[in-house]
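Observations on chain architecture
Read off the chains here:
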Amino acid sequence: MGDNAVTKRVSRLSGRRQKQIKLVLFLLPFMAMVTIFSYIPLFGWSYAFVEYSPGLQLWECEFVGLKYFERIFTNSADFIKVMRNTLAISSLNICCSVLPAIFAIAISQVKYKRFAKVVQTCTSIPNFISWVLVYSIVFMLLSSENSALNNILMGLGLISSPVNPLTDVDHAWAVQVSINVWKTLGYNAIIYLSAITSIDQELYQAADVDGANNWQKILHVTIPGLLSTFFVLLLLAISNMLSNGFDQFWLLGTGMTWDKLEVFDTYVYRMGIRNMEYSLATAMGIFKSVVSILLLSFANFASKRLRGNSIF
């Protein structure tokens, strides 16, 4: 009997080891992909410390140390303007991050599931439209004197002359955030809909027994069930505050609103590609990565202190 028990234990350990080996082999292609596309390119950071000229090898360029990192902060007027725009737009997007959760709760409360699926599909489609097409749609609907927006507002008597939100400097941030919310609302709500379906249904049944109505079930069951998902997405959004994206602002920005819409990504492109200051653009990329890591670490620390758990 003792030998049989030992044999069964060895067999179980062998089977477990084989499963672990299969999992490691399954992960190898993804680890290779991350290494090739995420870690090997970090060698390019070396160009931030040399006076790079196109056509020269890295070792042929003059070593300048932290010269280009100093230039980032020396040109303070442009840098402060870019950081102001970047942080302001990111903060507005973070404030709007609760909208997908609200939208997902609203869809989950619709009794006619076919209608809910149609709404979810229609609101998710804009996420898959390129920013070039979004620019065409927005330009057609908002920019011209005979645009749909002007016809509606003038027909309701809310305005007396045509308006063009794309050239409105005072509301440039709000307009861009609104366009981004329209584009991503339905797609981001999918995450919260998945979280809602994973909530234990016995909690809703217990709430029914206690006589809770729909609003009370949303307040005491659904929202608490979504908090962990919301906080994870919030922390990731905080860590990406310097990453507003490039396409949206490069396409939708105009000469009148560019002072409010030049963000970090467009600034790096303008300095690195258009002005051919590759070393300076690389230094800016390093600065962005370091700040993003610090923001993520701070958000993770705050989550651990306030909620008792962290995301990594």
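These remarks concern the structure in this document. Computed from a prediction, not measured in an experiment: that's the story for all the values here.

Considerations on the overall build of the protein
Scanning the protein from terminus to terminus reveals 14 helices and 2 strands. Its C-alpha atoms give the protein a radius of gyration of 26 Å, clearly above 20 Å, the size a compact globule of 312 residues would have. Per-residue burial over the protein gives 31% buried out of 312 residues. Of the roughly 19,800 Å² that the protein leaves accessible, carbon and sulfur atoms contribute 66%. With 24 positive and 18 negative side-chain charges, the protein shows a spacing of 15 Å between the two charge centroids.

Concerning a nonpolar patch on the surface
Nonpolar side chains collect at one region of the surface, where Ile21, Val24, Leu25, Phe26, Leu27, Leu28, Phe30, Met31, Met33, Ile36, Phe37 and Ile40 lie side by side and expose about 1,200 Å² of accessible area between them. By secondary structure assignment, the location of isoleucine 40 is in the loop between α1 (2-39) and β1 (50-51). For isoleucine 40, a relative accessible area of 55% puts it in the exposed group.

As for the pattern of salt bridges
A full pass over the atoms with the stated rule returns 8 salt bridges. Here lysine 67 and glutamate 51 are joined by a salt bridge, their closest N and O atoms 3.0 Å apart. Remark: glutamate 51 occurs in strand β1 and lysine 67 occurs in helix α2 (residues 67-74); sequence separation between them is 16 residues. Taking relative accessible area as the criterion, lysine 67 reaches 36% and is therefore assigned partly exposed. A salt bridge links aspartate 208 to lysine 217, with the shortest nitrogen-to-oxygen separation between them at 3.0 Å. Within the structure, one salt-bridge network assembled from shared partners comprises Lys81, Arg84, Asp259, Glu262 and Arg270.

Conventions we followed
Residues numbered from 1 in each chain as written. Predicted model: local features only at pLDDT ≥ 70, side-chain atom pairs only at ≥ 80, totals over all residues. Heavy atoms only, no water. Helix = DSSP H or I, 4+ residues; strand = E, 2+ residues; numbered from the N terminus. Rg over C-alpha atoms; globule rule 2.2 N^0.38 Å. Buried < 20%, exposed > 50% of the residue type's maximum accessible area, 1.4 Å probe, protein only. Areas by Shrake-Rupley, 256 points an atom, 1.4 Å probe, with all protein chains shown as cover. Lys, Arg positive; Asp, Glu negative; His and termini not counted. Charge placed at Lys NZ, Arg CZ, Asp CG, Glu CD. Patch = residues over 30% accessible without salt bridge, like charges linked within 9 Å, V, L, I, M, F, W, Y side chains within 5 Å. Salt bridge = Lys/Arg side-chain N within 4 Å of Asp/Glu carboxyl O.

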